[in-house]
Amino acid sequence: MRIEATIGDITTQAVDAVVNAANSSLLGGGGVDGAIHRAAGPVLLQECRALRASVLPGGLPVGRAVATGAGNLRARWVIHTVGPNAHSGQTDPALLAACFTESLRVAEEVGAASVAFPAVSGGVYGWAMSDVARIAVAAVSGFTGRQVELVRFVLFSPAAHQEFAALLD
Ligand code: APR
């Protein structure tokens, strides 16, 4: 499995699955969540609402992941995951690592060969980018799957990119 890091907008990535840094409601928000819903179009929110009305009545717990279609995105799937929120005292690295491993497990289930990740929890949820990079790269590097051939970390600033690139050189 190839692992790379790039600076860019995750909504424009030509990959099979784009990972969304969602919140437990799955009903949208700001940051990556807002960008993905804007780019995907209203069908994405409709699919998320359907999940809440069926298999996820209480929302998506922290560290879990679930796939939907991707609406107008170039990707085929959006894999929603909920990062730990440092501002709420959720500082367990295992919870953040689970966002990456669970998203890859879901990617394997749907048959995605390429997956783009944002820096989950590195924005609104207040985790230090250096910690996100260390935990994310370790979690993805330790993943053993047969479908996923490419993981791309898509960072939104040179500083964030540098944290990931330094671990991937
Ligand atoms: N492409 C790639 N990265 C992006 C994009 C984008 N279009 N937009 C923002 N980012 C970056 C941010 O700069 C940050 O480094 O993604 C990282 C994650 O930031 P957030 O989107 O704030 O995600 P998170 O910290 O996990 O907080 C999730 O914020 O938007 C709400 O609904 C969301 O409640 C949830 C919370």
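Treat the numbers as computed from the prediction; the structure is a model and nothing was measured.

Caption draft 1: Quick look at the overall build of the protein. Counting secondary structure elements, the protein contains five helices and six strands. Across the protein, helices and strands are ordered from the amino to the carboxyl terminus as β-β-α-α-β-β-α-β-α-β-α. Taken against the 2.2 N^0.38 rule, which gives 15 Å for 169 residues, the C-alpha radius of gyration of the protein at 14 Å falls within 12% of a compact globule. Principal-axis analysis of the C-alpha atoms gives the protein an extent of 40 × 35 × 25 Å. Relative to its 169 residues, the protein shows a buried fraction of 47%. Considering only residue pairs separated by 6 or more positions, the protein has 70% of its internal contacts joining residues 24 or more positions apart.

Caption draft 2: Structural context of the packing of aromatic side chains. Across all of its chains, the model carries four aromatic pairs by this definition. Grouping aromatic residues by their ring pairs yields a cluster made of Phe100, Phe117, Phe153 and Phe164.

Caption draft 3: Region of interest: the site of the ligand. Taken together, 23 residues lie near the ligand, and Asn23, Gly30, Val32, Asp33 and Gly123 sit nearest. Measuring from an oxygen atom of the ligand, one finds a backbone N or O atom of glycine 30 at 2.7 Å. Between the ligand and valine 124, the relevant distance is 2.9 Å, taken from an oxygen atom to a main-chain nitrogen or oxygen of the residue. Calculation on the ligand without its partners gives an accessible area of 700 Å², and the protein chains cover 88% of this total. Judged by the fraction of its atoms near the pocket grid, the ligand is located in the largest pocket. With four residues, helix α1 (residues 31-40) is the largest single contributor of residues to the shell around the ligand.

Caption draft 4: Looking closely at the pairing of strand β4 (residues 77-82). Of all six residues that make up β4, six are buried, and the element is covered over most of its length. Taken together, the six bridges between strand β2 (residues 17-22) and β4 define a ladder with parallel strand orientation. Opposite alanine 17, over in β4, you have tryptophan 77 as the bridge partner. Two strands pair when backbone bridges link them, and strand β3 (residues 65-69) and β4 are joined in this way by five bridges, in the antiparallel orientation. Bridged to threonine 68 within β4 is valine 78.

Caption draft 5: Up close: the sheet that holds strand β5 (residues 114-117). As summarised here, the arrangement of the six strands in space is β1-β6-β5-β2-β4-β3, forming an open sheet in which the pairing is mixed. Here the strands that pair on one side only, and so sit at the sheet edges, are β1 (2-7) and β3. Direction aside, neighbouring strands of the sheet carry axes that sit 25° apart on average. By the bridge criterion, four bridges tie β5 to strand β6 (residues 150-155) in an arrangement that is parallel. Bridged to phenylalanine 117 within β6 is phenylalanine 153. Across the face of the sheet, α1 comes into contact with β2 and β4 while running at roughly 130° to β2.

Caption draft 6: Examining the nonpolar core more closely. Membership of the largest hydrophobic core comes to 31 residues, with the highest contact counts inside it found for Phe100, Leu104, Val115, Phe117, Phe153 and Phe164. For this core, the elements supplying multiple residues, two or more each, are β2, β4, α3 (93-110), β5, α4 (129-141), β6 and α5 (158-168). A per-element tally of this core places α4 first, with seven residues. One finds Ile10, Val18, Leu44 and Ala75 within the second-largest nonpolar core, a separate group that totals 12 residues.

Reading guide: rules and limits
- Residues numbered from 1 in each chain as written.
- Predicted model: local features only at pLDDT ≥ 70, side-chain atom pairs only at ≥ 80, totals over all residues.
- Heavy atoms only, no water.
- Helix = DSSP H or I, 4+ residues; strand = E, 2+ residues; numbered from the N terminus.
- Rg over C-alpha atoms; globule rule 2.2 N^0.38 Å.
- Buried < 20%, exposed > 50% of the residue type's maximum accessible area, 1.4 Å probe, protein only.
- Contact = heavy atoms within 4.5 Å.
- Phe/Tyr/Trp six-rings, centres within 6.5 Å; stacked < 30°, edge-to-face > 60°.
- Near = heavy atom within 4 Å.
- Polar contact = N/O pair within 3.5 Å; in protein donor to acceptor, adjacent residues only side chain to side chain.
- Areas by Shrake-Rupley, 256 points an atom, 1.4 Å probe, with all protein chains shown as cover.
- 1 Å grid on protein atoms, 1.4 Å probe; cavity = no way out; pocket = protein on both sides within 12 Å on 5 of 7 lines; lining within 4 Å.
- Sits in = over half its atoms within 2 Å of the grid points.
- Pairing = 2+ DSSP bridges.
- Axes fitted to C-alpha atoms, helices over the stretch in contact; angles between N-to-C directions.
- Core = buried A, V, L, I, M, F, W, Y, C linked by side-chain atoms within 4.5 Å.

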